[in-house]
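# Fold and contact review
Chain by chain, the residues run as shown.
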Amino acid sequence: MQVKILRLLSCFALLCCFALPAMAQNKTVTGKVTDSETGSALPGVAITAKGLTIGTNTDSNGNFKLSIPASANTLVVSFIGYKRQEVAVTDGAVLNIKLTTEQKTLKEVVVVSVGYGTLDKKEVSSAITHVSSKELLSVGSNSPLMSLQGKVPGLTISNTSAADPNSTPSVQLRGVSSRNAGLGPLYVINNVPGGNIDNINQNDIESIDVLKGGAASAIYGTRGSNGVIIITTKKGTSQSSIFYDGYTSFDYITNKLQVLSKDDFIKNRVDNKQGQDYGGNTNWLKSVSNSPSFGQKHTLQFSGGSGKTNFFASADYRNAEGIDLRANKKEYGARVNVNHTSADDIFTVSLNIAPRYANTNTADYGGFNNALTLNPTLPIYNNSGQYNFINTGFFSNNPVENAKLNQAQQEIKELDMNGTFKVNILKNLNTAVTVSEVSSSFKNLNFSPSTLSTIIHSNPVNKTNYASQEQIENDVKNVEWTANYFTSFGKHDLKLLGGYSYALYDYQQFKASNYDFPFDSFLWNNLGSGAYNGGDKGNGQGAVASTRNGSTLIAFFGRVNYAYDNKYILTGSLRREGSSKFGPNNKWGNFPAASAAWRVTEESFLKDKISWLNDLKLRADYGVTGNQDFGNYQSLLLYGGYGYFPFDGTSYQVYGPSQNINPNLRWEKAINFNLGIDFDLFNNRLSGSLNYYIRTNKDLLGSYNVPVPPNPQSQTYANVGTLKNSGFEIQLNASAVKGPKFKYDISFTAALNNNKFVSFSNDIYKGAPYIDLVGLPAPGSPGNIQRLQEGERIGEFYGFKSAGVDKTGALLVYKKDGSIVPANNANNDDKQFIGNGLPKWTASLGNTFRYENWDLGIFLRGNFGYQVFNMPAFYIGTPATQADINTLTSAYNSNSKYSKLTNSSTTSIASDYFLESGSFVKLDNVSLGYSHPIASKYIHRFRIYATGRNIHTFTKYTGGDPDLIPVNGLRPGINTNSDGNGTLNYYPSTLQLLLGLQVTF
């Protein structure tokens, strides 16, 4: 027993001998961390010993106490919103650490995504615009792209119904690039091409890089012709934090079109035998509006980890109403990002998962159209309190009834997943495999009840009520392998990239519909109970429809980045890509690119010679890109239904060739050339870039007439046309005032674009020299108002050139020979080009003021040098408009030129009399915020802010907000519907007020 006790004591003594020196080698460091400007204590600041995992956090008073090894001489101090700082440890001294707020300067390294990799901004040799999360606008929008509006020269983001929570903006880079294929850019989200832009919470964005030049976007081959937008979301850090951002928004209708009140209608229309008095008094615009509409959004983010493992997670909820009676969107989203590196730094694993669910009620755009045109003496309800049956006016229905009784809903499910496994084979050699899936599901639900006044009034035998369901599934699976090698020797820097990409696209759709349900309460949930498509009335063929199609994309790519002495930069890339969409003779294509840059200020004759010139870089790039954004199976001989053939009492589906084969079908090709200059001046107080580009789009897709026989169909889908764009872009950033407390930063962008449709024909397929576009709707037969013609710009208005108004109130126009006649005496041969709906240039101006803890942002943007067709004025803006409908007040205002058109003989004849300047300057966004650190162990920092969007529009256009009229695509300058023809349907412009709170825990 004594022996055992002695052994235990010996072991204990031995442990003490080892422990005492270890304890003796530790030292205790104390101190306090404060804000350098305000002197406020900063709680929750991370304090770690450099190179070690030993650390602590400051308490509610900013104080800390940390025991570290005697050999540790440096502390690392980091806190969200402040610059990371390294502090030397002094024995026995109490450290007083002052942190400065994080405000990025031009001297700091800016990491730019270039496609399958990143570069320091100084190494970039092609046209790329980098936008950080701090530069995005505060906008309560459905799409994060709206926060980018006006920030990137040459990138046009247009949303003609921004107040509709279910709307999607139109995005176009450097002008129209196609006649028939898609015009939107490729989205790359966290290195996954084809990412779902609708599944991004703006608060999760770390940066956005827009690849504009062909040399940059050519690495994406057949998907890079319309540019590439790379979005990088936030990742976790070793510092744990919780962040909340929430806001409420209110939308108020602005830039209203003013129509006659009841009294004015009776005075100007009823008394002149142009309308009837139905005894009511209805403000139809107010009746179909939900103003103000309310919205809210809440985001909660978590991040943390260690040096080897970190995570970032976020969850968001949004509930937004539309400005109409029906529109609404509720969505729930989340994002999780986890990164882990092995202990020996050889393996790295990353995982991203982002689910999203939304339930929507879609807007009724026709309701606002009706609100403009309906007689204000028509009551909403009849004497029995039921919806009034309306059969007068353009559209003969009750818009309040339609909005409240007709139902149109959509359920949306989205899931983005990707994982990357990276192996660092050597310090300068690594390889990675990324597997991803981007999927989306849309369920469309529609119902029209039997209680509609139009149904009750007509009392039909069938089709009394209607319901439908439609399911659409989109899925993209990607596998990408990349290998990177980089080395430096002497003054040479070399980076090599090689890779392989495989993408599988799948689309499925199923739809079922029916009429005549026994109960309206079934909605769309019991389609089988309907009688109309059950077969007993011979209408069973239209009850259901379904389809499935897909495509495969395979590519091999490589890139070389070379720099000599930090002066001369060369980049070359090649992508060889094949797609199942193309014809047998053109399955594969090559997409080369090359760019070069010269950092002039690194030359001995300039370096440190000119004090105000800090950096000057000249760039040139060339690249070939493609566009394969068109339907599947277009190159194949397809068979389709030719109707039903009745035989012996049974209907049989008849099939036949529905599409011609085209073995030569291929991608549209864009040849891009760009010259650019990047500069920093006056000790980095002024920086910017200039770009001049030429892009020629060849082999444009379209349907061309062919003989029958030998072809089974009269048209073949082929590559024929040529289109050319050129332009100039400028971007400037300046620190106008840079004082200790007050700072003023300015940003300016401008873009000039010119284009021309070169040809519709080639040696094989001959097309007409022009195509007439945008047919104007009834009443009357106004015909087409735009023409796409060889040698002309896109967006050309084609119609009669007006010569004023005669004494009878009839429109006068010029004939082909120059003579002047009433418009109803002219013919189509007298039409000519009368204007253009494509802005010649766009610009924006951002102003950011900071005073101590206050910040104020004022952002303006505008479009210039184009015309728009005033649809409201054409249809309801003259005294001669159709009887028994309302008109704009300007129709009877002697100061308006439209009040002179009193003769009904020229009412439906389109001319440049209705063209107006679309140029505008918009006070687009004003945001005021106050932020402050808090000395609390629970809350570290907060910021409150208020934002106003679309505050005022300066314009000469009399038809409302010109920003509601689209300027992207082939039909700019006029409101069109989904089939490309003109429409009076619209969604009002709104002034949005947004109140928000941000808190860091």
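Quick caveat, the model's predicted, so the values are computed rather than measured. (Residues numbered from 1 in each chain as written. Predicted model: local features only at pLDDT ≥ 70, side-chain atom pairs only at ≥ 80, totals over all residues. Heavy atoms only, no water.)

## Comments concerning the overall build of the protein
A count of helical and extended segments in the protein gives eight helices and 49 strands. A globule of 1001 residues ought to have a C-alpha radius of gyration of about 30 Å, and the protein, at 33 Å, matches this closely. For the protein, the spread of C-alpha atoms along the three principal axes comes to 115 × 75 × 65 Å. The 1001 residues of the protein split such that 50% are buried. Put simply, 69% of the contacts in the protein that link residues at least 6 apart link residues at least 24 apart. When the accessible surface of the protein is summed, it comes to about 44,300 Å², and 55% of that surface belongs to carbon and sulfur atoms. Charged side chains in the protein number 88 positive and 75 negative. The centres of these two groups are separated by 5 Å. (Helix = DSSP H or I, 4+ residues; strand = E, 2+ residues; numbered from the N terminus. Rg over C-alpha atoms; globule rule 2.2 N^0.38 Å. Buried < 20%, exposed > 50% of the residue type's maximum accessible area, 1.4 Å probe, protein only. Contact = heavy atoms within 4.5 Å. Areas by Shrake-Rupley, 256 points an atom, 1.4 Å probe, with all protein chains shown as cover. Lys, Arg positive; Asp, Glu negative; His and termini not counted. Charge placed at Lys NZ, Arg CZ, Asp CG, Glu CD.)

## A word on the pairing of strand 34 (residues 715-738)
Successive side chains on a regular strand alternate, one facing one side of the sheet and the next facing the other. Bridging between strand 33 (residues 686-705) and strand 34 involves 18 bridges; their strand directions are antiparallel. Residue pairing in the sheet places N691 in a bridge with E729 of strand 34. Note that strand 34 and strand 35 (residues 742-759) share 16 bridges and pair antiparallel. Each residue of the ladder has a partner; that of K724, found in strand 35, is K756. From the end of strand 34 to the start of strand 35, which pair antiparallel, there are three residues. (Pairing = 2+ DSSP bridges.)

## A word on the sheet that holds strand 6 (residues 85-88)
Pairing within the open sheet is antiparallel, and its four strands lie in the order 3-2-5-6. Single-partner strands in this sheet number two, and they are strand 3 (55-57) and strand 6. Between one strand axis and the next, the sheet turns by 25 degrees as a mean value, whatever way the strands run. (Axes fitted to C-alpha atoms, helices over the stretch in contact; angles between N-to-C directions.)

## Digging into helix 3 (residues 262-270)
All of the buried residues along helix 3 are F265, N268, R269 and V270. Each buried residue of helix 3 lies within a common arc of 160 degrees when the element is viewed along its axis, so the set occupies one face. Opposite the packed face of helix 3, turned more than 90 degrees from it, sit the exposed residues D263 and K267. (Arc of directions from axis to C-beta.)

## Overview of the pattern of salt bridges
Scanning all chains against the criterion turns up 31 salt bridges. For E729, the salt bridge is made with K212, and the minimal N-O distance between the two is 2.9 Å. Of the two residues, E729 is situated in strand 34 and K212 in the loop between strand 15 (205-211) and helix 2 (214-217); the sequence distance between them amounts to 517 residues. K212 matches E729 in its accessibility class, with the two residues each being buried. Ionic pairing is found between K567 and D565, a salt bridge with its closest N-O pair at 3.3 Å. Residue class for K567 comes out buried when judged on its relative accessible area of 14%. By relative accessible area, D565 is classed as partly exposed at 23%. The structure contains a network of salt bridges with shared partners spanning D316, R318, E331 and R356. (Salt bridge = Lys/Arg side-chain N within 4 Å of Asp/Glu carboxyl O.)

## Points about the packing of aromatic side chains
Evaluated as defined, the whole model comprises 31 aromatic pairs. On the numbers, 4.5 Å between centres and 15 degrees between planes, the contact of F757 with F760 is stacked. For F760, a relative accessible area of 1% translates into the label buried. Here the aromatic rings of F869 and F874 are separated by 5.5 Å at their centres, their planes lie at 55 degrees, and the arrangement is tilted. Across the pair, F874 and F869 agree in class, each one buried. Three or more aromatic residues link up through ring pairs in this structure, and these residues are F869, F874, Y875, Y898, Y913 and F914. The ring of Y770 has R787 sitting right over it, with the charged end atom 3.6 Å from the ring centre. Looking at R787, its charged tip hangs above the ring of Y798, at a distance of 3.8 Å from the centre. (Phe/Tyr/Trp six-rings, centres within 6.5 Å; stacked < 30°, edge-to-face > 60°. Lys NZ or Arg CZ within 6 Å of the ring centre and 35° of its normal.)

## Here's the deal with the sheet that holds strand 15
Taking strand neighbours across the sheet as the criterion, the five strands line up as 10-15-16-13-14 in an open arrangement whose pairing is mixed. Strand pairing shows two members of the sheet lacking a second neighbour, strand 10 (128-132) and strand 14 (192-193), which therefore form its edges. Bridge count for strand 10 against strand 15 is five bridges, and the pairing is antiparallel. From the neighbouring strand, T129 faces strand 15, where its bridge partner is V210.

## What about the side chain of T601?
In this fold, T601 is placed in the loop between strand 28 (588-599) and strand 29 (613-627). Take T601: its relative accessible area is 5%, and that puts it in the buried class. A distance of 3.0 Å separates polar atoms of two side chains, one belonging to T601 and the other to D615. Within the structure, T601 has its side chain in polar contact with the backbone nitrogen of L616 (distance 3.1 Å). Here T601 is in contact with L606, K607, L613, N614, D615 and L616, once residues within four sequence places are set aside. (Polar contact = N/O pair within 3.5 Å; in protein donor to acceptor, adjacent residues only side chain to side chain.)

## Some details on helix 5 (residues 366-373)
Taking burial as the measure, the eight residues of helix 5 include eight buried ones, the bulk of the element. Looking at the buried residues of helix 5, the elements they touch are helix 4 (284-287), helix 6 (399-405) and helix 8 (871-876).

## Quick look at the nonpolar core
Within the largest apolar cluster, 64 residues are counted, with the highest numbers of intra-cluster contacts made by W284, L776, I785, F869, Y875, F914 and I974. When contributions to this core are tallied by element, the ones reaching two or more residues are helix 4, helix 5, strand 33, strand 34, strand 36 (770-775), strand 37 (784-789), strand 40 (811-814) and helix 8. Looking at this core, the element that brings in the most residues is helix 8, giving five residues. L136, I205, I229 and F859 belong to the second largest nonpolar core, which has 22 residues in total. (Core = buried A, V, L, I, M, F, W, Y, C linked by side-chain atoms within 4.5 Å.)

## Observations regarding the pairing of strand 40
Relative to strand 40, strand 39 (residues 802-805) is paired through three bridges, and the arrangement is antiparallel. Paired with G804 across the strands is L812, a residue of strand 40. Connecting the antiparallel pair strand 39 and strand 40 is a turn made up of five residues, with G809 showing a positive phi of about 85 degrees. Summarising the sheet, strand 40 and strand 41 (residues 820-822) pair through three bridges and their orientation is antiparallel. Bridged to Y814 within strand 41 is I820. Counting the residues in the hairpin turn of strand 40 and strand 41 gives five residues, including G818, whose phi is positive at 95 degrees.

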